[in-house]
Amino acid sequence: MKKIIMALCLCAIVAVSGCGKSGSEDKKNSSAESSSQAAVEAMAGTEDSAREKYVNESVDKAVDENDPEDFEVDGYYDFYYDGFDKVYSNEELKKAFDKIEKICSEANFSLSFSYENMDSDVIVSYNTYSQYLTCSTIKAPYIKWVLSQDPDLDEVVVRDVCWPGDDGRIALEPDGTEHTVRDLIEYAIEESDNTAYYLLYRRFGYVGFNDLMYSLGVDYYLGDSWIFTYCNVLDMAKCYKDIYEYAQDSDNGKWLTKLMQKTDVETQITEALGGKYKVSHKYGSEFNESNFHDCAIVYADSPFVLCIFTDQMPETEESCKVFRELAKAFDDVNNLIVKQ
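A brief look at the structure comes next. Being a predicted model, the structure only gives us computed values, none of them experimental.

Some points on a negative patch on the surface
For step 1, the next point in the chain: Taken together, the side chains of Asp67, Glu69, Glu72 and Asp74 present a region of like negative charge at the surface.
For step 2, the next point in the chain: Note on placement: Glu69 falls in strand β1 (residues 69-70).

Okay, structure coming up:
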C-alpha cells in the first residue's frame, strides 16, 4: 500500500517533467537546456572525430610485469570496496583509490556511483542509499525486459498519445503516425525519446518488468502512467549487469547493447573510455530537478559496469567532468585486478 501511495504521488510529479533529452521545460529551463546542449555539441565534435585514448603508463607497466601482490592499501576511504584479493600493484591501486576519494570529497553536489567487475566479485560503491529520479537511465532496463519477451519487432504501434510535456521527434508527429516496435526501441535508446518509450510502455505494460526487478533484488517499480521513478545507484547498476548478462547469449541483447553504443549524448563515460573500449550506456537528464546520470557497460578486457548518479545541471562541460574522471579512475582499478 505504501508503494502504491508513493507511486500516485510521484506520478503527479514526474508527469509534468521531462526525464530525457526530449522533455520540454519552462522558459528558464528551456534556455538552460538550449545553452547546455550547445556546449555538449561543441565539445562532442563531429561524429567521425576520434576520441583521445586514455592511457595510464604506470598501470600498464604494473600489469605487464605480471607480479601479483596481496591486496593491502592503507588509508581510510569514504567509499565502500570489496572482493579484492590480489592486485598487480598496491601502489597504483592506492593512487586510483586516492583519486576516487578526492573526486568524492570535492564534489559540491550529490554524487553516487557503483562499479562492478563482471569477471569477479570486485565492487566499489559510494553513497548508495541516496535516491534519485531515474531519468532516462531506466529506458535500457525496461527495453531489455521487452526484448526478453521475444516481441514481434515489426509489429506496428500507432502514435495516439504523447508523454506529457514532450517535444521530441515522435511527439511532434501527427496523431495516427505508425511506427514499428523496432523503430520505437531505436528512438528510445539512441535519441532518448520519451514518447517512444511511453508507447512501448503502453503496449507491453509493467507487471512483467516489476517481476524482473523483484527477481534481481531491485527495490524500485513502475505503475500506471508512471514510467519514471526514484531509485538508488546500486539498484540501477544491478539492471545494467542484467543487460550485460542477457547480451552474452541473446541476439536481441546484442542488438540492444549496440544501440547503446551510439546514443546522441556521449560526453560522459563514453567520452573518457570510448576511444579505448566499446561502451554501451544510457544517460539520463532532468533539468527541473537538476539530475544528470550515466550508466555504462564498459567492454574492457575484463568488462565492468559503472553507474554514476548526480544532482547537477545536466549536459554542460562542467557537469560532464565527474563522469570522465571517475571512468578513468575505475579503468585503472579494473586493469589492476588479478583474476582468480
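Notes on the sheet that holds strand β10 (residues 278-286)
The strands making up a sheet associate through backbone hydrogen bonding, with each pair oriented either parallel or antiparallel.
For step 1, the next point in the chain: Strand order in the open sheet formed by six strands is β2-β5-β4-β12-β11-β10, and the pairing between neighbours is antiparallel. Edge positions in the sheet fall to β2 (80-82) and β10, since each of these pairs with one other strand and no more. Ignoring strand direction, the axes of neighbouring strands in this sheet form an average angle of 5 degrees.

What to know about the pattern of salt bridges
For step 1, the next point in the chain: Following the criterion strictly, the structure yields 18 salt bridges and no others.
For step 2, the next point in the chain: In this structure, the salt-bridge partner of Asp160 is Arg202, at a minimum N-O distance of 3.8 Å. Placement of Asp160 in the loop between β7 (156-159) and β8 (177-180) and of Arg202 in helix α7 (residues 194-204) is noted, with a sequence separation of 42 residues between them.
For step 3, the next point in the chain: Salt bridges linked by common partners bring Glu91, Glu92 and Lys95 together as one network.

Regarding helix α9 (residues 233-248)
For step 1, the next point in the chain: An ideal rise of 1.5 Å per residue puts 22 Å on 16 residues; α9 measures up with 23 Å between its terminal C-alpha atoms.
For step 2, the next point in the chain: For α9, the full list of buried residues reads Val233, Asp235, Met236, Ala237, Cys239, Tyr240, Asp242, Ile243, Tyr244, Tyr246 and Ala247.
For step 3, the next point in the chain: Looking at where α9 begins, the residue whose side-chain oxygen comes 3.1 Å from the main-chain nitrogen of Leu234 is Asn232.

Here we look at helix α4 (residues 90-106)
For step 1, the next point in the chain: For α4, with 17 residues, the first-to-last C-alpha span of 24 Å sits near the 24 Å given by 1.5 Å per residue.
For step 2, the next point in the chain: Within the span of α4, buried status applies to Asn90, Glu92, Leu93, Ala96, Phe97, Ile100, Glu101, Ile103 and Cys104.

Overview of the environment of Phe228
For step 1, the next point in the chain: Topologically, Phe228 is positioned in the loop between α8 (207-215) and β9 (230-231).
For step 2, the next point in the chain: Given a relative accessible area of 0%, Phe228 falls into the buried group.

Digging into the packing of helix α5 (residues 139-148) against α7
For step 1, the next point in the chain: Viewed as axis vectors pointing N to C, α5 and α7 meet at an angle of 35 degrees, and their least axial separation amounts to 11 Å. In the packing of α5 onto α7, the handedness of the crossing is left-handed. Contacts between α5 and α7 pair Lys139, Tyr142, Ile143, Trp145 and Val146 from the former with Asn194, Tyr197, Leu200, Tyr201 and Phe204 from the latter.
For step 2, the next point in the chain: Residue classes in the contact of α5 with α7 are distributed as eight nonpolar, one polar and one charged.

Some remarks on the environment of Ser89
For step 1, the next point in the chain: Within the element layout of this structure, Ser89 appears in the loop between β3 (86-87) and α4.
For step 2, the next point in the chain: Separated by 17 residues in sequence, Ser89 and Glu72 place their C-alpha atoms 9.5 Å apart.
For step 3, the next point in the chain: Residues within four places of Ser89 in sequence aside, it is in contact with Ala62, Glu69 and Leu336.
For step 4, the next point in the chain: Within the local environment of Ser89, its side chain forms a polar contact with the backbone nitrogen of Glu92, the two atoms lying 3.0 Å apart.

Things to note about the packing of aromatic side chains
For any pair of aromatic rings, geometry is given as the distance between the ring centres together with the angle between the planes.
For step 1, the next point in the chain: Summed over the entire model, instances satisfying the criterion amount to 27 aromatic pairs.
For step 2, the next point in the chain: Geometrically, the ring pair formed by Tyr81 and Phe84 is edge-to-face, given 6.2 Å between the ring centres and 75 degrees between the ring planes.
For step 3, the next point in the chain: Residue class for Tyr81 comes out partly exposed when judged on its relative accessible area of 25%.
For step 4, the next point in the chain: Measuring from centroid to centroid gives 6.4 Å for Phe209 and Tyr220, while their planes differ by 50 degrees, and the two rings are tilted. One end of the pair, Phe209, is in helix α8; the other, Tyr220, is in the loop between α8 and β9, with 11 residues separating them in the sequence.
For step 5, the next point in the chain: When its relative accessible area of 0% is taken as the criterion, Phe209 is described as buried.
For step 6, the next point in the chain: Among the aromatic residues, ring-to-ring pairing joins Tyr142, Trp145, Trp163, Tyr197, Tyr198, Tyr201, Tyr206, Phe209, Tyr220 and Phe228 into one connected group.
For step 7, the next point in the chain: Lying across the ring of Tyr246, Lys144 places its NZ or CZ 5.1 Å from the centre.

Thresholds applied
- Residues numbered from 1 in each chain as written.
- Predicted model: local features only at pLDDT ≥ 70, side-chain atom pairs only at ≥ 80, totals over all residues.
- Heavy atoms only, no water.
- Patch = residues over 30% accessible without salt bridge, like charges linked within 9 Å, V, L, I, M, F, W, Y side chains within 5 Å.
- Areas by Shrake-Rupley, 256 points an atom, 1.4 Å probe, with all protein chains shown as cover.
- Salt bridge = Lys/Arg side-chain N within 4 Å of Asp/Glu carboxyl O.
- Lys, Arg positive; Asp, Glu negative; His and termini not counted.
- Charge placed at Lys NZ, Arg CZ, Asp CG, Glu CD.
- Helix = DSSP H or I, 4+ residues; strand = E, 2+ residues; numbered from the N terminus.
- Pairing = 2+ DSSP bridges.
- Axes fitted to C-alpha atoms, helices over the stretch in contact; angles between N-to-C directions.
- Expected span 1.5 Å × (residues − 1).
- Buried < 20%, exposed > 50% of the residue type's maximum accessible area, 1.4 Å probe, protein only.
- Polar contact = N/O pair within 3.5 Å; in protein donor to acceptor, adjacent residues only side chain to side chain.
- Left-handed = near helix turned anticlockwise from the far one by under 90°.
- Contact = heavy atoms within 4.5 Å.
- Nonpolar A, V, L, I, M, F, W, Y, C, P; charged D, E, K, R; others polar.
- Phe/Tyr/Trp six-rings, centres within 6.5 Å; stacked < 30°, edge-to-face > 60°.
- Lys NZ or Arg CZ within 6 Å of the ring centre and 35° of its normal.

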